[in-house]
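Working through the structure, step by step
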Amino acid sequence: MATTTDVTPNASKRLGQWLLDQPPQTSQQQAGPEHPSQPWWKVMCLTGVDYYSTLGYQPGIAALAAGVLSPIATLVLVVLTLAGALPVYRRVARESPHGQGSIAMLEKLLPKWKGKLLVLVLLGFVATDFVITMTLSAADASAHAVENPFFPSFLHGQQVLVTLVLLAALGAVFLKGFTEAIGIAVALVGAYLALNVVVVVVSLVHVAQAPALVVTWDNLLVGQYHNPWLMIGVALLVFPKLALGLSGFETGVAVMPQVRGVAGDTEARPEGRIRNTRKLLTTAAVVMSVFLISSSFITSVLIPQQEFQPGGEANGRALAFLAHEYLGSAFGTVYDVSTIGILWFAGASAMAGLLNIVPRYLPRYGMAPDWVRANRPLVLVFLVIAFGITVIFQADVDAQGGAYATGVLVLISSAALAVTLSALRKRQRAATIGFAAVTVVFAYTTVVNIIERPDGVRIAAFFILAIIVTSFVSRATRSLELRFTQVDFDDTARRLIAERAATGQIQLIANEPDARDEQEYVDKEREQREDNHIPAGSPVMFLEITIGDASDFTTELTVQGEERFGHKILKVNSPTVANAIAAILLKIRDDTGVVPHVYFAWAEGNPFLFLFHYLFSGAGDVPPVTREVLRRAEPDPELRPAVHVG
């Protein structure tokens, strides 16, 4: 007989399992969910799709900002890269080897809620930088595509649609797996750099064959800037407009967990991973510096200044202009395809950075659901955000440039500040002075960029506000969860619980520890026996919760037993009282088979104020919250620990 089966529930279940699937990692990988570790040069290619892709537009930006001074301004950028940003991030890699970056370093400077609010603000700038990296790069890739003469004519003018398709393809790669993303990045970076070597070498040959072009450029330069100090001064003034050439450093440390270390690495001291990440950062910076200087020089000498202006053939595509000009349309088209490919995939390093950073903070703060720890749901969330930004800005590269630069510069400035404070704490005078100077330079650059392009900080403010609001809403909605993943009892606590379980009943009196003298326990026991009608001969224990950092959300509890003045006491440090009591009661029930009872006294005060007090301090009106946590954790009333209030 034929039968029919409803496959929808199973399909939904399989889809949910696929989204949340997280293969286990070995201790040597330490690469985070779904991210097996990779050789450093492969991870460099992943960060390089963001960093190196700026060659597609950086020479044109420099020419627009500095004119004939472009090579000098680019040289200043390279000096600040190698002498400023690179040393900063090499130190960040040393002090934050698990991918937290400078955010974790700054978090330690401020205690409790202040530190977490700082992290949320910085995460807003991270989101600005990384999400705009995806949307801006995809938009620039679509612009290169529609400008190519071989691109299908019916898609001309459809830049938004093309950008959305590119973003969807990027997301599909990450939904497939991280290894696939690494493989694509290696291929794209290898091809793009090889093609750029050809363009640069051929262009330098043309410069050597026409020395008059260099003389003309030099005469224009000297004619406008009469001495070297004036050149350097103007180059420093226009430096903020060139800052996009620094975009790869933050992602370089964000993806540290993907860098393969050595056999002797441990979780506390992954020395091999640190060395390889610093090698990654240095190699990427040196390679990029060579390309920046050479490309800026050849484009300034070989391309007329009017071609860099809006509407000019070299606007936003200076090296592509040279590829077509000196190597023909066939090679130029290949170069365009390579540029489109690396710009499209530039968002991969940003996506990888977000997938590493967000799960490290928000779930730990209770400010996101636990599914945020899984990669695939996060990929979908980031794609939806990227789609929205693309539609809002109509895939306009210039409209998103300010936000991109703001995010990059704020993160570099915060990293410079973090390493400066680190050097200061360790009494490293020379390092402190050097990093402080770098911090001042990048802080100045950030302020100038914000003044010139305030739209960037507005977009960043939107991300910050969205993250803070959704984080606190999530925290509030999760406040009644049984948040503790593990409860452990020491030997004394286990003995005391076993003694009470042998009598067939376990009765606990919740006590807020104060003086902890004999009179406190005598008075508390008498009060609870009277108010809750506990028989005089019935044995009781005290349960004491000492609040630690109330801003923490999930943690492990270690319960210690103590006998004090003849009284049996269980005590524990916890960020919250009610959730800890509920977790301990359920653990006692599971270990002994006896359903425990807990006794409270009513608190005096406004229940609405108690609610806010509980959300931010972990205390408040404990009895009803404890009961509600237990009700949600154990739906069967017969198995649920009992809460008594007198």
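In this text, all values refer to a predicted model and were calculated from it rather than measured experimentally.

Quick notes on the rules
Residues numbered from 1 in each chain as written. Predicted model: local features only at pLDDT ≥ 70, side-chain atom pairs only at ≥ 80, totals over all residues. Heavy atoms only, no water. Helix = DSSP H or I, 4+ residues; strand = E, 2+ residues; numbered from the N terminus. Buried < 20%, exposed > 50% of the residue type's maximum accessible area, 1.4 Å probe, protein only. Contact = heavy atoms within 4.5 Å. Areas by Shrake-Rupley, 256 points an atom, 1.4 Å probe, with all protein chains shown as cover. Pairing = 2+ DSSP bridges. Axes fitted to C-alpha atoms, helices over the stretch in contact; angles between N-to-C directions. Parallel < 35°, antiparallel > 145°, perpendicular 65-115°, else oblique. Nonpolar A, V, L, I, M, F, W, Y, C, P; charged D, E, K, R; others polar. Phe/Tyr/Trp six-rings, centres within 6.5 Å; stacked < 30°, edge-to-face > 60°. Patch = residues over 30% accessible without salt bridge, like charges linked within 9 Å, V, L, I, M, F, W, Y side chains within 5 Å. Salt bridge = Lys/Arg side-chain N within 4 Å of Asp/Glu carboxyl O. Expected span 1.5 Å × (residues − 1). Arc of directions from axis to C-beta. Polar contact = N/O pair within 3.5 Å; in protein donor to acceptor, adjacent residues only side chain to side chain. pLDDT = per-residue confidence, 0-100.

**With respect to the overall build of the protein chain**
The number of helices and strands found in the protein chain is 22 helices and 7 strands. Here the protein chain holds 646 residues, and 54% of them are scored as buried. Of the contacts formed within the protein chain by residues at least 6 apart in sequence, a portion of 80% connects residues at least 24 apart. Surface exposure of the protein chain reaches about 27,200 Å², of which carbon and sulfur atoms provide 63%.

**A closer look at the environment of A437**
Position of A437 relative to the elements: it lies in helix α16 (residues 429-452). Sequence separation between A437 and T420 is 17 residues; the distance between their C-alpha atoms is 9.2 Å.

**Some remarks on the sheet that holds strand β6 (residues 597-600)**
Strand order in the open sheet made by the 7 strands is β1-β4-β5-β3-β2-β6-β7, with mixed pairing throughout. Edge positions in the sheet fall to β1 (486-489) and β7 (642-645), since each has one partner strand and no second. Geometrically, the sheet is characterised by an average inter-axis angle of 25 degrees between neighbouring strands, direction not taken into account. Across 3 bridges, the pairing between strand β2 (residues 507-511) and β6 is parallel.

**Quick look at the pairing of β2**
Counting buried residues along β2, 5 of its 5 residues qualify, which places the element largely inside the surrounding structure. Burial along β2 is two-sided: the face carrying Q507, I509 and N511 and the face carrying L508 and A510 are both buried. Judged from the 4 bridges that link them, β2 and strand β3 (residues 541-547) form a sheet pairing that is parallel. Bridge pairing links N511 to E544 in β3.

**Considerations on the packing of helix α15 (residues 397-425) against helix α17 (residues 454-477)**
A pair of packed helices is captured by two measures, namely the crossing angle of their axes and the spacing between those axes. Relative orientation of the contacting elements α15 and α17 amounts to 70 degrees, with a least axis distance of 7 Å. Relative to α17, the element α15 is oriented roughly perpendicular. Of α17, the residues touching α15 (which contributes A399, G402, A403 and T406) are D455, G456, V457 and I459. Class assignment of the residues belonging to the contact of α15 with α17 gives a composition of 4 nonpolar, 3 polar and 1 charged.

**Observations concerning the packing of aromatic side chains**
Within this structure, the stated rule accounts for 8 aromatic pairs. With a centroid separation of 5.7 Å and an interplanar angle of 55 degrees, the aromatic rings of Y51 and F249 are classed as tilted. Of this pair, Y51 sits in helix α2 (residues 40-51) while F249 is found in helix α11 (residues 249-254), placing the two residues 198 residues apart along the sequence. Accessibility expressed as a relative area gives 3% for Y51, which makes it buried. On the basis of an interplanar angle of 70 degrees and a centroid distance of 5.1 Å, the ring pair of Y521 and F542 is categorised as edge-to-face. In this pair, Y521 is assigned in helix α19 (residues 518-532) and F542 in strand β3, connecting sequence segments 21 residues apart. We note that Y521, like F542, is buried.

**Concerning a nonpolar patch on the surface**
Together, L75, V79 and I293 line one region of the surface with nonpolar side chains, adding up to about 230 Å² of accessible area. Judged by its relative accessible area of 35%, I293 falls in the partly exposed class.

**Examining helix α18 (residues 491-502)**
Its 12 residues place the ends of α18 17 Å apart at the C-alpha level, agreeing with the 16 Å of an ideal helix rising 1.5 Å per residue. Turning to α18, its buried residues are A493, L496, I497, R500 and A501. One side of α18 carries all its buried residues, which in axial view fall inside an arc of 135 degrees. In α18, the exposed positions angled more than 90 degrees off the buried face are occupied by D491 and A502. Where α18 is buried, its residues touch β1, β3, β4 (556-564), β5 (567-574) and α20 (578-592). Between the side-chain oxygen at the start of α18 and the backbone nitrogen of T492 there is a gap of 3.3 Å, and the oxygen is on D490. Following α18 by one or two positions, G504 has its phi on the positive side, about 90 degrees.

**Re the pattern of salt bridges**
One pass over the structure, following the stated rule, counts 21 salt bridges. K568 is the partner of E563 in a salt bridge, and the nearest nitrogen-oxygen pair spans 2.5 Å. Residue classification places E563 among the partly exposed positions, given a relative accessible area of 42%. Relative accessible area serves as the criterion here: at 18%, K568 is assigned to the buried category. The structure contains a network of salt bridges with shared partners spanning R516, E544, E562, R564 and K571.

**Let's talk about the confidence of the model for the protein chain**
Per-residue confidence for the protein chain averages 82 on the pLDDT scale, and 89% of its residues sit at or above 70. The least confident element of the protein chain, judged by mean pLDDT, is helix α1 (residues 8-20) at 52; the most confident is helix α12 (residues 271-302) at 93. Low pLDDT, under 50, characterises residues 1-9; the stretch is placed with 0 contacts to residues that sit more than four places away or in other chains. When the criterion is pLDDT under 50, residues 22-35 qualifies, and its contacts beyond four places in sequence or with other chains add up to 38 contacts.

**Details of α19**
The terminal C-alpha atoms of α19, which comprises 15 residues, lie 21 Å apart, in line with the 21 Å expected from a rise of 1.5 Å per residue. Residues of α19 that are buried: E520, Y521, K524, E525, Q528, R529 and N532. The buried residues of α19 occupy one face: seen down the axis, they fall within an arc of 150 degrees. Buried residues in α19 make contact with β2, β3, β4, β5, β6 and β7. Count one or two residues on from α19 and you reach H533, which has phi positive near 60 degrees.

**With respect to the pairing of β5**
The buried fraction of β5 is high, at 6 of 8 residues. Relative to β5, β3 runs parallel, the two being bridged by 6 bridges. Its bridge partner being in β5, I545 is matched across the sheet by V572. Looking at chain direction, β4 and β5 are connected through 5 bridges and run antiparallel. The partner of R564 across the bridge, within β5, is H567.

**Structural notes on the side chain of S538**
Relative to the helices and strands, S538 resides in the loop between α19 and β3. Judged by relative accessible area, S538 falls into the buried class, the value being 8%. Here Q507 takes part through its side chain, which lies 2.2 Å from a polar atom of the side chain of S538. Residues contacting S538, with those up to four places away along its chain left out, are Q505, Q507 and R529.

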